[in-house]
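Residues per chain, in single letters:
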Amino acid sequence: MEINDEGIIIGKKKYGENYILIDIFSKTNGIIKGLYRSSKKNNKVNLTDNIQFSWKSKTFDALGFIKFEINESFFSIVDSFSISLIKASICEICLKLLPKGEENIKIYLEILTILIFFKKDTKNLNYENYKFYIIWELNLLKYLGYALDLEKCAVTSEIKQLDFISPKTGRAVSRKIGEPWKAKLFKLPKFFINSVYPYTKEDLIEGLKITNFFLKRIKYKIDYNNNSRFIFKEEIYKNLLNL
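Parameters at a glance
Residue numbering note: each chain is counted from 1, following its sequence as written. Per-residue local features are limited, in this predicted model, to residues with pLDDT of at least 70; the limit for side-chain atom pairs, both in listing and counting, is 80 or more; totals at the level of whole chains, interfaces and linings are taken over all residues. To obtain the side-chain values, all non-hydrogen atoms of the structure were included, while hydrogens and water were left out. Per the convention used, a helix needs a DSSP run of H or I reaching at least four residues, while a strand needs a run of E reaching at least two, with both numbered from the N terminus. Radius of gyration: C-alpha atoms only; globule rule: 2.2 Å multiplied by the number of residues to the exponent 0.38. Whether a residue is buried, partly exposed or exposed follows from its accessible area with a 1.4 Å probe, protein chains only, as a fraction of its type maximum: under 20%, in between, or over 50%, in that order. Using a 1.4 Å probe, accessible areas were evaluated by the Shrake-Rupley method; residue-level cover was limited to the displayed protein chains. Under the counting rule used here, the positive set is Lys and Arg, the negative set is Asp and Glu, and His together with the chain ends is not counted. In plain terms, the charge of a residue is placed at NZ if it is Lys, CZ if Arg, CG if Asp and CD if Glu. In a helix, the anticipated span is given by 1.5 Å times the number of residues less one. To be clear, the arc concerns the directions from the helix axis to the C-beta atoms. Every residue pair with non-hydrogen atoms within 4.5 Å of one another is taken to be in contact. Planes of paired rings set the category: under 30 degrees apart is stacked, over 60 is edge-to-face and the rest tilted, where pairs are Phe, Tyr or Trp rings (Trp by its six-membered ring) whose centres lie within 6.5 Å. Strand pairing requires that DSSP identify at least two bridges connecting the strands. Patches here are clusters of residues that have more than 30% relative accessible area and form no salt bridge, with a 9 Å joining cutoff for like charges and a 5 Å cutoff for nonpolar side chains (Val, Leu, Ile, Met, Phe, Trp, Tyr). By convention in these notes, a salt bridge is any Lys or Arg side-chain nitrogen within 4 Å of a carboxyl oxygen on Asp or Glu.

Chemist: For this particular structure, what's the right way to read the overall build of the protein chain?
Modeler: In terms of regular secondary structure, the protein chain is built from six helices and eight strands. Its helices and strands taken in sequence order, the protein chain reads β-β-β-β-β-α-α-α-β-β-α-β-α-α from the N to the C terminus. Its C-alpha radius of gyration of 20 Å places the protein chain within 12% of the 18 Å reference for a compact globule of 243 residues. Put simply, the protein chain has 243 residues, and 46% of those count as buried. In the form shown here, the protein chain has an accessible surface area of approximately 13400 Å², with 53% of it arising from carbon and sulfur atoms. The positive charge centre, built from 40 side chains, and the negative charge centre, built from 28, are 3 Å apart in the protein chain.

If you want it as structure tokens, here you go:
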């Protein structure tokens, strides 16, 4: 069996003396895992690089062997700390949530968009970087079938003064309805509704709490026995608190 596709490297681990075990988020074939022969002549394996690859194996469930050429490298030793964390978090979330072999073109293209954005000179735009990343997580929830409903109040259908999100339903709640229950609700960052709205550091922190809550819910449904964390998301949260 052979697959030829475009992809993004989202995981790598040394495998024996001469091989590297690579995880690729491919454009039309989902997550693919395979062995890549490491040598001085071959391309280096860097996370988030966009590649053109071939994967060969006897069956799709077998490990397989990979050869690739780099389309565009998004690896950089001069990335800011925030960008490095975001790239690592994107890779980690994809590995833990996306099913093997299932096409997710919209998610793939959004990752490419965010990588291209970070390739610009954004070293001193920590808040903007994190906002861009949180919006990516928000869209990821949608593409995975868990979109938040932020168009109107879940109780009254009002479309104005939407100040809260229910953790139970993922739906917006108006100020009037939510105020008595605000201790049990998430505060709704306005940039969730429209990305051009002004935002504060507190909005970003709340945004991370919201996406983290719902991504963990998905993860629990995939494997309720697996208590592993989103490690890089936690580091993003810590870094944002200290900015």
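Chemist: Explain helix α6 (residues 231–242) here, please?
Modeler: Because an α-helix completes one turn every 3.6 residues, residues spaced three or four positions apart along the sequence face the same direction. For α6, spanning twelve residues, the distance from its first C-alpha to its last is 17 Å, which sits close to the expected 16 Å at 1.5 Å a residue. Looking only at α6, the buried set comprises Lys233, Ile236, Asn239 and Leu240. Burial along α6 is one-sided: seen end-on, the buried residues are contained in an arc of 120°. Buried positions along α6 lie against α1 (81–97), α3 (126–143) and α5 (201–222).

Chemist: I'm lost on the packing of aromatic side chains in this one. Help?
Modeler: Tallying each qualifying case throughout the model produces twelve aromatic pairs. Summarising the aromatic geometry, the rings of phenylalanine 25 and tyrosine 108 are spaced 5.7 Å apart at their centres and angled 90° between planes, so their arrangement reads as edge-to-face. Pair noted here: phenylalanine 25 is in strand β2 (residues 19–26) and tyrosine 108 is in helix α2 (residues 105–119), with a separation of 83 residues, a long-range link. By relative accessible area, which is 0% here, phenylalanine 25 ends up buried.

Chemist: Explain the pairing of strand β6 (residues 162–165) here, please?
Modeler: Consecutive side chains of a regular strand alternate in pointing toward one face of the sheet and then the other. In the sheet, β6 pairs with strand β7 (residues 172–174) via three bridges, with the strands oriented antiparallel. Residue pairing across strands places isoleucine 165 opposite alanine 172, the latter belonging to β7. Two successive antiparallel strands, β6 and β7, enclose a turn made up of six residues, where glycine 170 displays a positive phi of approximately 70°. Where β6 and strand β8 (residues 186–187) come together, two bridges link them in antiparallel fashion. Along β8, the bridge assignment pairs isoleucine 165 with phenylalanine 186.

Chemist: Whenever I open this one, a nonpolar patch on the surface confuses me. Can you help?
Modeler: Taken together, the side chains of Phe75, Ile77 and Val78 present a nonpolar region at the surface, about 340 Å² in accessible area. Here isoleucine 77 shows up in the loop between β5 (65–72) and α1.

Chemist: Just to check I follow, could you spell out the environment of serine 39 for this structure?
Modeler: By the element assignment, serine 39 lies in the loop between β3 (30–37) and β4 (50–56). Judged by relative accessible area, which is 36%, serine 39 ranks as partly exposed. Separated by 79 residues in sequence, serine 39 and phenylalanine 118 have C-alpha atoms that sit 29 Å apart.

Chemist: Would you mind showing me how to read the pattern of salt bridges here?
Modeler: Opposite charge on two side chains permits them to pair, given that their charged atoms come into close proximity. Evaluated as defined, the whole model comprises twelve salt bridges. Lysine 119 is paired through a salt bridge with glutamate 72; the nearest N and O atoms lie 3.1 Å apart. One end of the pair, lysine 119, is in helix α2; the other, glutamate 72, is in strand β5, and 47 residues separate them in sequence. Given a relative accessible area of 48%, lysine 119 falls into the partly exposed group. A salt bridge links glutamate 234 to arginine 229, with the nearest nitrogen and oxygen atoms 2.9 Å apart.

Chemist: Before we go on, may I ask you to explain the sheet that holds β8 in this structure?
Modeler: Backbone-to-backbone hydrogen bonds join strands into a sheet, with any given pair of strands oriented parallel or antiparallel. Strand order in this open sheet of three strands is β7-β6-β8, and the pairing throughout is antiparallel. The two strands at the open ends of the sheet, each matched to only one other strand, are β7 and β8.

Chemist: Mind showing me how you'd approach the environment of leucine 144 here?
Modeler: Tracing the chain through its elements places leucine 144 in the loop between α3 and β6. When the C-alpha atoms of leucine 144 and leucine 215 are compared, they prove to be 9.7 Å apart, with 71 residues separating the residues in sequence. Residues contacting leucine 144, with those up to four places away along its chain left out, are Leu97, Leu98, Ile107 and Ile218.

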